[in-house]
Each structure stands twice: as C-alpha cells, then as structure tokens.
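Structural overview for review
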Amino acid sequence: MILLLEGGLRNDHIPETFNLRCVAKDATTSLPILYIKIVPLLSWGPTFNYSIWYIELMGQDDPMYTSGCLKDYNKLREVEIIRLCLKHFRQQGYDTAFKALQDQTHVQLEHPLISELHQCLVINGDFEKAEKFISDCIEEGLMDDYLNRQDYKHAWRLQHVQGFAQPGNRGGHQLVMDVKKRLIYLFGGWDGFQDLSDLWVFDIKDNYWTQIFEHSEQFNGPTPRSCHKMVFDPVSENIFMLGRYLDNSIRTTEYIKSDFYLYDTRARTWLQICDDTCQVGGPQLMYDHQMCIDVEKRTIYVFGGKVLTPRSVNASTTSEPEYSGLFSYHIATNTWTQILVDCHHPTASQPDVLSIKSRITHCMVFHNKKRKLYIYGGQRGKEDIHDFITYKVDTQTLEILNRHPNSNGQTGSTGNNNGNGSSVSSNSGSSGSSNPPHSSDGKNEPSPGYTLRATIDCERNEIYVFSSLSKIKDRRDIHHVDASNSFWVYSLDTHQWSRIYTSRYNPSSPDSTKFDNSRNNLMEPCPRYAHQFVYDDMAKLHYMFGGNPGRSTTPQLRLDDFWILELEKPKRDEILKHCRYLVRKLHYEEMAKADPYKAMHYLRHQIAEVIDHSNPEQLRNFHRLASLLFKCDEDIKTEERPLNTLPLGGATTSMAASTSANEDKSLTEAECSSDMASTTDDEVCVKSEDNTHAPDDLSMESCSSSTTSGISDAASSYSAYRKSGGKRSRHSYIQELRARRSFLFNKLVQLMPSNMVQPERNLSDFVII
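Treat the numbers as computed from the prediction; the structure is a model and nothing was measured. (Residues numbered from 1 in each chain as written. Predicted model: local features only at pLDDT ≥ 70, side-chain atom pairs only at ≥ 80, totals over all residues. Heavy atoms only, no water.)

1. Describing the overall build of the chain
On a plain count of helices and strands, the chain comes out with twelve helices and 35 strands. Looking at the chain as a whole, 51% of its 769 residues qualify as buried. Sequence-distant contacts in the chain: of pairs separated by 6 or more residues, those separated by 24 or more amount to 62%. If you sum the accessible surface of the chain, you get close to 37,700 Å²; carbon and sulfur atoms cover 51% of it. (Helix = DSSP H or I, 4+ residues; strand = E, 2+ residues; numbered from the N terminus. Buried < 20%, exposed > 50% of the residue type's maximum accessible area, 1.4 Å probe, protein only. Contact = heavy atoms within 4.5 Å. Areas by Shrake-Rupley, 256 points an atom, 1.4 Å probe, with all protein chains shown as cover.)

Listed below in structure tokens is the structure:
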C-alpha cells in the first residue's frame with residue numbers, strides 16, 4: 001500500500017477535489033492503480049456530525065493509455081523478479097544458474113563496479129584490493145548520499161568574548177543576524193527587574209560586543225520592552241521591530257498601541273514607521289508572536305501572538321483572550337494586509353473569510369525557494385497545539401504536514417477544516433512506502449511548549465528546532481526531573497523528524513548556566529526559556545544568548561551566557577576508516593585460523609592503525625579480537641543444514657513466536673548469514689555516538705549457508721589451517737569463508753547509491769509458508 005494523499009475535508013456541502021499521486025518513486029514512471037483504500041483518521045469528536053459522503057474517482061482509464069502503462073509496469077516487475085533470483089543464486093553459490101539466467105535475460109544484478117567488488121572480496125579474498133576499491137569509491141563521492149542520510153553530531157561551546165563590554169543578564173530579548181557582515185544584533189529584554197531598551201551588536205570576526213544605544217528611546221527608538229520580535233532585511237540592511245509585553249497595571253487605552261520601528265544599521269538611526277499598526281490595517285499590540293521576511297517580494301509576515309487589551313475596570317469580569325491572525329507587511333508600499341483571521345474572530349464564520357487557529361510560543365520560518373511559511377507547535381490557553389502547518393504565500397493555501405490524532409484524540413486543524421482527516425492509499429505491486437505517523441508525545445517530534453526556537457536552512461531543506469525547559473503541569477521549575485534540552489531536525493525532502501540529542505539536566509550541578517552531559521562529557525547550556533536562537537547559514541552555526549533558567553529559589557535570575565552550536569555530518573575519512581576496519585577485521589579472522597603468529601602481527605599493526613584508541617568502545621572491540629587467536633573448532637558449534645539455504649524469510653522473518661532452543665539457534669545463524677541477512681543503516685556505519693563500531697559477535701558464529709563453488713583457494717590456505725590445529729573439512733571451511741565475506745560485502749554495498757546495488761529485499765521474502 002502506497003500513500004497517495006493525506007488530507008482533510010471541510011465540514012460543509014461544497015464539493016472538494018484532491019489530486020492523487022500518479023507516478024512511481026522515479027517520478028517518471030506512471031503508477032498503475034488496482035485498488036483504492038480510504039482510511040478515516042478521525043471518526044469521532046466534539047464536532048463530528050453524521051454525514052453521507054459521495055466519492056467519485058476521476059482519472060485516465062482509456063485502454064489506449066492504461067495498457068501501455070500496465071505493460072511497462074509488468075516489464076519492470078519482471079526485471080525486478082529476475083534480479084531477486086540472480087541475488088538468490090549468487091548468495092547460495094549457484095554460479096551455473098546465476099550465469100545462465102544472466103546470459104539469457106541480459107539483466108544486470110548490479111552496477112559492474114559492485115560486481116567487481118564481489119569478485120575481489122567474496123570470490124578471490126583479495127582484501128588489499130577490496131580496501132583500495134572502497135577507498136576509490138569514497139574519494140569519488142559514491143558514499144556521500146549515505147553520509148548525508150546520517151544524523152548530525154552536535155557540539156556546544158561557550159563563547160568567551162573579548163573585552164569587558166557585553167550585554168547583561170536578560171530574557172525575552174531578540175537576536176537578528178547580518179550574515180554578510182558577520183554581525184549579530186541584540187535588543188531589549190527583561191533583566192529580572194525591568195525592561196531594557198539597549199541595542200548591542202556582536203562582531204563574529206573580532207569576537208567583540210559593542211553597545212550602540214543604552215536607551216534607544218532617547219534617540220527616537222523604541223521604549224524598553226520584552227517579548228517583541230525583530231527581522232533583518234539583508235537588502236536594505238534594516239531591522240524591523242514589532243510588538244511587546246505590557247503588565248496589566250499599565251494597559252491603558254492611550255498606552256496600548258502597536259508601534260512599529262525600523263533601525264537603519266548603515267546610518268545607525270531609529271525610525272518609527274507607525275504609531276499604531278492597528279489603525280492602518282495591521283495587527284493590534286501583541287506579544288509572543290512570530291515574524292519572518294520574504295526578501296524577494298519585500299514582505300514581512302506576522303503570525304500569532306496574544307493581543308493585549310486595555311485593563312479591565314471591574315476585576316471580576318474576565319474576557320476570553322484574543323489571538324492575532326496572519327498579517328503581511330509590504331515594505332516598498334508601507335501597507336498592511338490581513339491574510340487569515342483567528343478562528344474565534346467574529347468574521348471567521350463568514351464563508352469568504354479564511355481563518356486559522358492562532359497561538360503563542362510557536363515557531364515560524366520562511367523558505368525563500370519553496371515560497372512557504374512553516375509553522376510548528378504553540379499554545380492556546382491551556383491547550384498544546386501539535387500542528388505542523390505550511391502556508392504557501394503565492395497561492396494562499398494551507399497544508400498540515402503532521403495530520404494525526406494528538407494526545408487528546410483530536411486531529412489538528414486549521415480554520416474551517418473540521419479535522420475529520422483521511423488518508424488515501426492504493427494497492428499496487430510497485431515498491432513504495434509511506435512515512436509512519438509521528439507521535440505527538442515528543443518521541444518522534446518535538447513536544448509543543450513555550451521554549452521552542454526554530455531556524456531554517458533553505459539550501460539543505462532542513463528546519464532546526466531547539467526545545468528546552470518544558471512546561472509540565474504549569475511548573476517552570478528547572479529542578480523537575482523532566483527538565484532537558486533536545487535538538488531536532490525536520491527534513492523537507494523526506495518529511496521526517498530526527499532527534500539529534502536529548503540531554504537531561506542534573507539539578508545537583510553547582511553551575512546554573514551549564515551542565516555536564518553524562519553520555520559524552522560535553523558542557524552544554526542548562527534548560528531555559530525566554531532565550532533567543534539565531535542561525536548563520538553561511539558558517540552553519542547556531543548562536544544562543546541568555547534566557548530564564550526557571551529557578552524557583554531565585555525567580556529574578558536571568559542568564560547572560562553566549563553559546564555556539566555546531567552540527568556536523570560524518571566525514572569521508574570517518575567512513576573510510578570504518579570500512580578499512582571491517583575489511584581488515586575479516587582478513588585478520590581468516591588469518592587467525594591459518595597462521596596465528598602472522599595474525600597477531602597483523603592485529604598489532606594494520607588493525608591498530610584504524611582504531612580510535614581514545615574511544616572506549618572501539619578499544620574494547622580491538623582487545624576482544626585478540627581472543628580469536630585462542631579459539632579452536634570445539635569453541636564454535638556448527639549446525640549442518642540439509643539444504644544450503646536459510647529459513648524462508650531469512651533474518652527479516654519475525655521470530656517472536658519461536659520459543660524452542662533450535663529455533664533460537666536458527667535465528668542466530670540467520671543473522672550472520674550471507675546476502676540473506678538484512679542489516680540496517682544503524683548496524684552498518686556512522687553514528688554520532690560511535691562511528692566505527694561493528695558487531696563483532698557475528699564473526700564468531702558459524703554460517704553454513706554457502707557452497708564451496710567459485711571461491712578461490714588462494715584467499716586462504718586450508719593446509720595451513722589444518723596444520724594450525726583446525727579440524728573442519730575443506731568443504732565446511734571454504735563454506736564458512738564465503739559466508740563471512742558475503743556478509744561483509746552486504747554491509748559495504750549498503751553504503752553505495754541504491755541504484756547501483758542489488759535489491760534490498762530477498763526472494764524468500766515473497767514466499768509464504
């Protein structure tokens with residue numbers, strides 16, 4: 001079943017049309033559909049009404065067109081089946097059948113380079129040539145795609161700036177960045193006792209803070225404030241500022257105006273663009289909103305935030321909080337436009353008015369190439385909002401990326417969408433899979449809260465979200481057991497979240513501004529809120545300053561620490577070192593059986609040079625290899641099989657129902673077999689915790705799933721093996737060599753591009769017992 005569409009229906013009588021996916025993964029082959037399955041994602045809820053729906057499928061069913069697509073599809077399926085047979089024949093050692101099928105069908109199992117690797121590694125046992133071959137492949141960039149699929153490794157470092165002048169402790173301030181000039185601007189915030197109106201600039205090159213204004217209001221600038229928002233325009237090099245928080249005691253009708261400011265970084269002057277944006281079609285005074293700039297169209301987008309209303313005269317009357325919608329400000333014409341109103345706005349019920357569920361403490365970023373706003377999370381009253389929304393600014397269309405039931409059993413919705421979503425899948429023989437639904441409990445995506453900070457890299461098509469001190473039952477106490485930092489990456493290409501790390505806070509730490517991560521011994525910032533986060537897309541670095549650590553004993557405490565977060569993918573030299581380790585490790589294991597003295601010399605020199613001796617895990621694996629020198633045939637139990645094949649399904653078969661000892665032993669052997677074993681990327685190579693770890697226990701198991709045909713005796717000396725005390729037959733000995741080499745070959749080719757290698761699945765996966 002391939003996911004064709006995931007969407008929702010509006011709760012009205014107006015017909016809606018959806019475009020279904022109609023091409024295969026390669027984006028060129030038409031996808032023939034045999035069955036359509038519609039699955040309702042939500043069939044109950046407070047707004048659910050019993051309805052009768054009429055569904056009509058409209059598409060191309062002309063035999064002149066569909067017969068050609070079906071013919072092409074059947075041809076592709078036949079080629080894939082032949083490749084599966086070729087893979088099965090080779091992994092079982094049926095070389096005659098393999099050659100006959102390939103000669104008659106002219107179907108290539110894989111790229112000739114991969115076949116060359118199989119010949120020199122599995123058949124000939126030429127480890128040095130195999131190692132050079134892999135080195136050449138890495139140098140040519142054939143494994144770059146694999147490296148790009150790996151998670152980032154993170155590194156925090158506390159920035160020690162030059163000089164004594166630097167911003168003091170604060171939270172609720174704002175940071176913006178001038179990437180070209182390598183400058184970071186900071187304005188305002190709350191220091192625990194009062195709002196500030198100072199303006200600072202940090203020079204990244206000189207590592208130096210400079211105060212531009214101590215009191216900006218004395219130079220036609222904004223008054224002291226916090227919870228405001230700023231954006232930087234790289235074209236005009238101006239900073240735009242909007243919004244602020246006001247205490248209830250000073251929310252008077254005269255004072256509660258939404259002033260809009262501009263700071264010219266070239267002239268170093270302030271300009272008040274508007275005294276009250278509400279009077280010119282813009283938003284009312286608000287706080288905890290979000291602002292983004294579309295540089296190409298010279299437009300600023302403002303979404304969300306809680307609207308500040310005049311202080312109520314009668315304290316007993318409490319009104320519902322108001323939330324601001326989505327606004328746009330065109331810089332060139334100095335005009336405001338309201339695009340979406342809040343769903344509780346009086347005009348939201350009108351059919352021609354577009355509405356959205358507004359919120360505070362959310363994230364919002366803009367992709368200048370996709371021309372989309374991305375909005376994630378937030379809060380509305382006591383409700384956590386789990387929506388991940390995209391808004392295409394050119395066509396004014398909304399889309400929910402993570403439509404799934406949240407923790408309350410309800411599906412997130414926007415505006416007039418009643419949330420009764422559904423997904424459409426098709427039954428087709430073409431390979432493909434849909435992304436699994438993400439959990440909204442924080443395991444598969446960031447938990448909504450008031451501490452999320454988001455940035456975007458349009459070149460990498462990635463959104464970064466930093467989640468810190470979370471709100472748990474209205475407690476903002478950092479000493480809570482769940483206080484932690486976590487960093488997430490959302491790929492716009494794969495539409496999946498990836499959690500880079502989570503670090504729990506240690507309340508006993510004497511330093512309130514940083515704590516020791518017990519897993520990797522890195523100093524990291526303590527959990528906080530009201531901090532600020534900016535991204536340097538040129539140097540690929542994140543900068544974070546200040547915030548509120550949430551200490552109940554000192555509620556006025558604010559932070560002034562300045563942190564840099566670096567994210568880095570695994571490099572080519574890391575995967576090269578790991579591949580060399582795998583190849584040399586297998587070479588050593590074969591050598592240990594035939595010539596232990598030579599193997600010991602090889603272990604001390606060739607393997608030792610590809611080991612990171614500062615890594616405890618790698619060092620432990622290195623020491624464990626020495627035990628192979630003292631192994632004998634009696635230490636390894638072998639179970640002979642009547643046929644040179646695996647149980648149906650191979651290692652991918654679920655063995656949950658198997659409880660007998662024999663079945664458990666079969667599973668162990670299946671895991672270390674040749675091509676039939678399906679190892680995942682997590683087992684293969686580079687990870688952030690341990691880049692060169694390899695499962696050593698696999699080499700200690702006996703594998704009897706290959707025949708002796710085709711393997712070169714030059715790869716290992718059976719006579720030397722017998723002289724060293726080995727008692728196996730030549731057939732069993734050569735059989736085990738080929739199985740282990742095939743297993744290593746499978747692991748190595750998983751690092752190569754998918755269009756070059758053999759099919760991922762096995763022929764036995766399609767056989768039903």
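2. Let's talk about a nonpolar patch on the surface
Residues Ile33, Ile36, Ile38, Trp53, Ile55 and Leu57 make up a contiguous nonpolar surface patch of roughly 590 Å² in combined accessible area. One can find Ile55 in the loop between strand 2 (35-40) and helix 1 (63-92). (Patch = residues over 30% accessible without salt bridge, like charges linked within 9 Å, V, L, I, M, F, W, Y side chains within 5 Å. Salt bridge = Lys/Arg side-chain N within 4 Å of Asp/Glu carboxyl O.)

3. Thoughts on the state of the cysteines
This model, assessed by the stated rule, comprises zero disulfides. Considering cysteine sulfurs only, Cys579 is the nearest to Cys137, which forms no disulfide, with 9.6 Å between them. Residue classification places Cys137 among the buried positions, given a relative accessible area of 4%. (Disulfide = S-S within 2.5 Å.)

4. Examining the sheet that holds strand 25 (residues 397-400)
Ordered in space as 20-21-24-25, the four strands form an open sheet in which the pairing is antiparallel. Each end of this open sheet is capped by a strand with a single partner; those strands are strand 20 (363-367) and strand 25. Taking each pair of neighbouring strands and ignoring which way they run, the sheet shows an average axis angle of 20°. The sheet contact formed by strand 21 (residues 372-376) and strand 24 (residues 388-392) spans five bridges and is antiparallel. Bridging from a neighbouring strand, Tyr374 pairs with Thr390 of strand 24. (Pairing = 2+ DSSP bridges. Axes fitted to C-alpha atoms, helices over the stretch in contact; angles between N-to-C directions.)

5. Structural notes on the nonpolar core
Within the largest apolar cluster, 45 residues are counted, with the highest numbers of intra-cluster contacts made by Leu117, Leu121, Ile134, Ile575, Tyr588, Ile607 and Leu748. Put simply, the parts of the chain that give this core at least two residues each are helix 3 (112-123), helix 4 (127-139), helix 5 (144-149), helix 6 (572-594), helix 7 (596-607), helix 8 (616-625) and helix 12 (730-749). The greatest single-element share of this core, amounting to ten residues, is contributed by helix 6. Setting aside residues up to four positions removed in sequence, Tyr588 forms contacts with Ala599, Tyr602, Leu603, Ile607, Leu625, Ala626, Leu628 and Leu629. Membership of the second largest hydrophobic core comes to 16 residues, among which are Met177, Phe202, Val534 and Leu541. (Core = buried A, V, L, I, M, F, W, Y, C linked by side-chain atoms within 4.5 Å.)

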